Structure formats: structure tokens, C-alpha cells
Amino acid sequence: MPTFVYMTRCDGCGHCVDICPSDIMHIDTTYRRAYNIEPNMCWECYSCVKACPQNAIDVRGYADFAPLGHSVRVVRDEEKGVIAWRIKFRNGKKDMSLLAPITTKPWGTCIPQLANVAGPSQEQRNSQLLYNEPKYIRMDDGGLHTLESNGLVMKEGVYY
Amino acid sequence: MAYKTIVEDNIDILVAGAGLGGTGAAFEARYWGQNKKIIVAEKANIDRSGAVAQGLYAINCYMGTRFGENNPEDHVRYARIDLMGMVREDLLFDMARHVDSAVHQFEEWGLPIMRDLQKGSYLREGRWQIMIHGESYKPIVAEAAKKSADKVYNRVCITHLLMDEAKENRVAGAVGFNVRTGDYHVFKSKTVICGAGGASNLFKPRSVGEGAGRVWYAPWSSGSAYALMINAGAKMTQMENRIVLARFKDGYGPVGAYFLHLKAYTQNAYGDEYESKWFPGLQEMVGKEYLDPELSHATHRPIPTCLRNHAIIHEVNAGRGPIHMVTMHSFQDPHLEEIGWHNFLGMTVGQAVLWAATDVDPKNENPELTTSEPYVMGSHATGCGAWCSGPADISPPEYQWGYNRMMSVEGLFGAGDAVGGTPHAFSSGSFTEGRIAAKSACQYIDDGKAEGIRVSEATIAKLKEEVFRPMEHYKVHRNDIVAGEVNPNYHNPRQNLDRLQKLMDEYCGGVTVNYMTNDKLLSIGLKKLKIMEEDLQKIAAKDLHELLRAWEVKHRHRTSECVMQHTLFRKETRWPGYYYRGDALKLDDKNWHVLTVSRRDPQTGKYTMEKAPLYHLVDVDKAAAAE
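Residues numbered from 1 in each chain as written. Chains lettered and ligands numbered in written order. Predicted model: local features only at pLDDT ≥ 70, side-chain atom pairs only at ≥ 80, totals over all residues.

Identification of chain B as Adenylyl-sulfate reductase subunit alpha from Magnetovibrio blakemorei is taken from an unreviewed UniProt entry. Under the Cofactor (unreviewed entry) heading, UniProt states for chain B: "FAD". (UniProt positions renumbered as here; feature names shortened; annotations may be inferred.)

Where an unreviewed UniProt entry is consulted, chain A appears under the name Adenylyl-sulfate reductase subunit beta, with the organism given as Magnetovibrio blakemorei.

If you want it as C-alpha cells, here you go:
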């Protein structure tokens, strides 16, 4: 299955409900806490696990092939720009901690607001170029590849 | 049902589905249409939606012309041989010449791309793949889309495209419903860019019970890209070209980094190399043009993915399974071992969960591989999708009708899984296609092509009734029975999905029949799908979540029908290892060196099939020599 929610940790905030790509984290109307309503549509993508402020959500491997007694936990920190994983084997022989960056820039600050950049000229509109091109293709002054520039033609038939 | 109707009018660009293709479209549209109204509708939350919701550990499509690595035509030739010749080379060349500029922007936005410290270039996993720490790939590109869009409607599932009532075969927007509130949403728009997804869960999965969620492609990829366009009467191409993946057993964790970067290889249960012994027989089936191990060895031309699957399937059938990936050598290096685990955590956490549960340490044992159930999509090693116009400076006349990435329906554009004949686009290529589509959509509007669009109130009301019918039907018939899920007047969405998967598996070449089908099986399958369509009119949804599932299975059903039609039409076995036509087991270049194109008439439901010519990129001097 997929994800499950610890009764004593969940406070019913709904972050998991908001983020789940499969729409399977719902709030139980009796307990006012979240749970996975459709485990066989869970991808174990960990989106809800990462989003939970209480660390109340965990994953127990799919019952049709995964034995009990394992653990893969995660903490994702946008401020620090890192994600930390811990993997524990069923037999206790392996216990790994792994750390990876999730971004190299302060969150969301380096993405341009295209409504505010200078708009394209008519010449650019009539060309095959996209925003920031040709510069961003090679980060130099080179142009866009065309059939002509690369000495190619398109020909019908069987050619390999 | 008393759900509110919310109309968003005067939209210029509606992005339907915001995975990598849709986010690329929304972002770029603002540059070419600075005063245009750009709206995004996404059935989940844009921060974690689409196939990249979980993250990625590699960008699989990057040329590296900046570092002198590859030119666009190199990538086209690679995709061409991998797909046994059947690709739209104009669209692929176009995607490949732009894709690096998308990747360079990702890096600027904060996506951590690994560097080769010696060379200064990006760290290569293989010739086309670069390695990233991509846990937040999707939130980063979502941020870009949100900055550009006027509004993002999260949790709005698009069910239908709206067609213009003033001019035939022109799109006019879309309708759908909010999965949380139940509001009925009407988007009247001059253009629609279809960024919806390909299809998992069409074929019965190998897993049973809970594990059915551990599909290779995301379980929320419901084939909506295809169903929306087919229902609007758009032409489709290469829909028979489903893909089967050789992956780690049960978890379906990615193998690319293991093969390419960690230098792992495969062997059968008895420790023997098995692949080459199947090649002579395969060569007889497909011809030397497509399988030439000596040439591949000498020139590094890849052996097509489907043919490598074929070897696994046949070796297992010969009783020498399972196939293992040999990891024990490379995993002795602690650095490589760490990469191996990061690779899963970055994009398929479930595989790490499974190995932790089964105590599989690839340092001490070689993990099992298997071939998956088939998937229908258009951005991995397969090219299902709509028949699109190509760029004016590249495409031959048969591939070009005015606007780049416009479908055969006017004003309808696409990106990612939606675009047919463009395999190996992956995340970066899908984003790039979205950008291309956005620029074209702006041109289309600026040229005045979208003037005078009309959608009647009657149409809007009729579609509302249709959207909510599964809930009405439930209300009417729920109390025919005491309790439970067995009702003589309806099936619930899961029951319909089970039925569809069994049918596709048995008649269209799923795992339980070893990917085998033939004309007779397909004809029976099509009849059964027709009857199922009648029953889908009676699908019941007890709440809004089930209404979402009801529309997903309806979209999967339409996609399946188109897949079945295309599979029946192409009377050859073009991709052994993806599927086999038992009545035509050889590749047939004389009759089938063509792209298949279909159109379903929205009024009659009848399909028209045709062959479209295949154009290949040829060097100018070679072409002259051939004249």
C-alpha cells in the first residue's frame, strides 16, 4: 500500500489531501484525520509523505509482493534545499542515510516573470526561435539548427 | 444535481493538463502573448502532477551541442532505429534543436544538474541522458507555469473538448468538473493546448490487489490526452505502438542508470549471456536493416528496445528465467552504490521500499528483471499520439498545415504524450514541445484564425448532464439493492477498469498471452469494447472521487478502442517484444513502411484508417547520389 497515516500523529490539516496526485488521501469523517482511500491507485510517490508537517504518513510496501518490517522515511526541507532519506531493511542488516539537494537557488526566486520582460519583435515572431533563443541553445552566439545548416533533406522511402 | 456552473470566458490559451508539456506551454505562452489570457486546468495539484510528480534522477533528452556532443539529427537517427523506423523525423528534429535551451533554463531556475568535474560539461549517464537531483523537478517547472498563467485551476478534471458551432472542426475550449467542490467548469477558449497524459492501466497489470498501483507509468495517467482528442475528431497516429518495459521485478524501478552509468548487464538464471542467441531468429523476422549486431557493435548504433525485450521474453519462455541484472560488481564501489539507491529515491521510491522489504542488497545479489504489461504513451520509447502539423522550415507537405504542433482540429495544439510519432522526448522534450505549441497558438490567434467562436447554452447544458450522469445514475439505482457493490443496473469505476484490463490483456496482446494477438482476436476485442461502451453509459459514481475515476475509465476505454483499431490495421509485427501479430509475424517494409493514421467520426463512432508516408532525414550528398 502504499501510504498509511499514524492515528496519534495526524492532526487532520489536509496538506496530503491537497497534494496527492491520485486524489486518494482523504479526511475520515469520524476521526477527522487523513487516510488512504484507494491503496491500489497509490504509486508510492511520497508526495503526501513529503508534504506532511507532522511526519504522520508512512509507506508499507504493496501487500502482494512486499514482506513486512522495512522502512523508507524522508524529510524534505525547501528552506535548506535538501531531502534526507533513511532506508532500513527488514533483516536489520542495512540502514542507510542518504542526502540530496533539491534546488540550487532560493525557492522560486530565479524564474522570470515573462509578462515583465521585453516582448518579442515581429522578426522573432516570424522565426522558429523560442524565448531566450538562440542564446540559450548553446550559451553562445550560434544559431538554430536547420536542415540546410546541417546538410540534410527529408526524403520519402526506406533509408537507414 | 445542484452543482454550480462556472464559466471562464474569453480565454486565449487553455492548457488542459499540466505535466511537463503543459507547464512548458503555460510558461512560454506569456512571452509570445503578453496580453493574452492564459488558463491552466489540472486534475490534481500542479506542484505534483503528471508523470514527473515523484521527481526524476535524469533528463533523458539533452543534445549538448554547447559541449560539442550531439546534433539534433543524431538524436533523430537514434529514435528512428529504436522505434524500427516509425517516427515523425520533422517533429523530432524540431524538438531536438530546441531542447537544450529548456534544460539550460531549468539549471538557471535551480534544478540541480550534475557536472562532470573533469570536462566541465553535464554529467552524462548515457549518450542522451544527463544526471540530475530532480526530486523537485516538477515543483520548479510548476512555479514557472504559475508565474505565466493568469489562473491555475487545480483539481479540475477536463472531460470534453468544446467544439465551435460557427465553424466546423475548430476547437472552442473545454469543460470539466472540480473534484473537490463538484462545480461544473466551462472554459471558452480560442485555443487549447492538450497537455494531458498517456495511459497506464489499460492492460491487466502483473500485480494483483494493492500492487496494482505500482504501475510503471503513473496510475493517474488515464489516457485523457488521447480520449479528449479522439472524441473531438482529431486524427491519431501510431496508436498501435504500445510499449513494454524491461524493469526490476515488481517495483518497476528504472534500469537506465544501472545499464549506462553503473555498467550493469543482464544474464539468465544460470549466469549465461542470452541475448545474442535470439538475434539470428529475430533478424529473420525484422531484417538486417533493423537488427545488425555487428554493425551495432562497430558503430554503437543501439539495438532497438523492443528487440531486447524479445530476447528476455523468449529466454524466460525457454525455461531459463528469471533474468537478472548483474549489479554485484559495480556496487562494490561505495560511490556507485550510493548512486544506485539515489536513482530510485529520485524517481521510483517504491523500488527502494521493495528492496528494503525483501532484503535485496544489489551488492550481494543480482536483482530480478521482468517485462511489464503494455503502456500507451508518446514520450518514452514509443510514439502514440495525435497527428500534428510540423514546423514550416522542415516538414514535407504531408506533415504541414500551417501551425507547428496543431492537430487536424483547428486551434487544438498538443505537447508531450499528446503528440504522435515523437518518442524519446521524455521530460525535457515534452516541456519543449509545450513551448513550441504555445508560440504557435499565439500566432494562430494573432492571425485572426479564432474569430467568431460560438458555443451554445444548449451544448453547455447537454455536457453538464453528461459529466454528472454517473452520479445521477448511482442515486437512481443505489437503492435497488440492500448494500454492497453488486447491482444489476450499473458497474462502479473499478469494476469497469477490471473489465477493460482483462479484455485488453487477452485480445490486444497483454502479459498473460505473451504479448500475442491476431486479426481475429482484435476483431472480437473491438466488439467487446463496443458493448462495454454501452455499459459505460451506466457507470455509477457514489461521490466526486468516483466521478473522477468514472471519467478516467471512460478515457481509458476510448484510448483502448483506438489502440485496438490501429493494431488491427497494421498487418505486420513491427516491434517484436512490444507485441506480436500472430497472423503476420514478420516486419513488412514493402507494405508497412508507413505511419498509421486514424480518425474517429464523432457523430457515427466509425474509424477511418489510412497510411501516411514516412520521410527520413538524409544527408544532402547521399540524397544527390541516390538520384
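Caption draft 1: Examining the overall build of chain B more closely. Helices and strands together make up the secondary structure of chain B, namely 18 helices and 20 strands. The globule rule puts the C-alpha radius of gyration for 627 residues at 25 Å, and the 24 Å found for chain B is close to it. Dimensions of chain B along its principal axes, counting C-alpha atoms only, are 65 × 60 × 50 Å. Residues counted as buried form 61% of the 627 residues belonging to chain B. Pairs at least 24 residues apart make up 77% of the contacts formed inside chain B by residues separated by at least 6 positions. (Helix = DSSP H or I, 4+ residues; strand = E, 2+ residues; numbered from the N terminus. Rg over C-alpha atoms; globule rule 2.2 N^0.38 Å. Buried ≥ 20, exposed ≤ 12 C-beta atoms within 10 Å, placed from the backbone. Contact = placed C-beta atoms within 7 Å.)

Caption draft 2: Summary view of the domain arrangement of chain A. Partitioning chain A into structural domains gives domain 1 (3-101) and domain 2 (112-146). Put simply, the middle of domain 1 of chain A and the middle of domain 2 of chain A, counted by C-alpha atoms, are 42 Å apart. (Domains from an automatic or database assignment.)

Caption draft 3: Main features of the domain arrangement of chain B. All names here are of chain B. Partitioning chain B into structural domains gives domain 1 (246-371) and domain 2 (459-588). Computed over C-alpha atoms only, the centres of domain 1 and domain 2 are separated by 32 Å. For the side of domain 1 that touches domain 2, the elements supplying multiple residues, two or more each, are α7 (279-286) and α9 (305-320). The element best represented in the side of domain 1 that touches domain 2 is α9, accounting for seven residues. In the side of domain 1 that touches domain 2, the residues fall into seven nonpolar, four polar and one charged. (Nonpolar A, V, L, I, M, F, W, Y, C, P; charged D, E, K, R; others polar.)

Caption draft 4: Region of the structure containing the confidence of the model for chain B. Counting all residues, the mean pLDDT for chain B is 96, and 100% of those residues have values of 70 or more. Reported for the predicted complex are a pTM of 0.98 and an ipTM of 0.97. (pLDDT = per-residue confidence, 0-100.)

Caption draft 5: Focus on the interface of chain B and chain A. Each partner contributes residues to the interface: chain B has 86 residues there, and chain A has 76 residues. Looking at the side of chain B that touches chain A element by element, the count peaks at 10 residues for helix α3 (residues 89-109) of chain B. Here the residues of the side of chain B that touches chain A are counted per class, giving 35 nonpolar, 25 polar and 26 charged. Pairing of strand β8 (residues 152-156) of chain A with strand β20 (residues 615-619) of chain B, which is carried by five bridges, proceeds in the antiparallel orientation. Considered in β20 of chain B, the bridge of E156 of chain A is made with Y615 of chain B. (Pairing = 2+ DSSP bridges.)

Caption draft 6: Expanded view of the sheet that holds strand β19 (residues 607-613) of chain B. Residue and element names in this part refer to chain B. Judged by pairing direction, the sheet is antiparallel, and its four strands sit side by side in the order β14-β9-β18-β19 without closing on themselves. The open sheet has two edge strands with one neighbour each: β14 (385-386) and β19. One ladder, built from two bridges, connects strand β9 (residues 236-237) with strand β18 (residues 594-600); its direction is antiparallel. Among the inter-strand pairings, T237 is bridged to a residue of β18, identified as V597.

Caption draft 7: Seen up close, the packing of α3 of chain B against helix α12 (residues 426-446) of chain B. Residue and element names in this part refer to chain B. Put simply, α3 and α12 touch, their axes get as near as 8 Å, and they point 105° apart. With respect to α12, the axis of α3 lies roughly perpendicular. Mapping the contact onto sequence places D94, M95, H98, V99, A102 and V103 in α3 and S428, G429, F431, T432, E433, R435 and I436 in α12. In the contact of α3 with α12, the residues fall into six nonpolar, four polar and three charged. (Axes fitted to C-alpha atoms, helices over the stretch in contact; angles between N-to-C directions. Parallel < 35°, antiparallel > 145°, perpendicular 65-115°, else oblique.)

Caption draft 8: Representation of the packing of helix α14 (residues 493-507) of chain B against helix α15 (residues 519-536) of chain B in the model. Residues and elements named next belong to chain B. For the pair α14 and α15, the least separation of the axes is 9 Å and the interaxial angle reads 170°. Taken together, the axes of α14 and α15 are roughly antiparallel relative to one another. On the side of α14, the interface is formed by N496, R499, L500, L503 and Y507, while α15 contributes L521, L522, I524, G525, K528, L529, M532 and L536. Of the residues that constitute the contact of α14 with α15, the class distribution is nine nonpolar, two polar and two charged.

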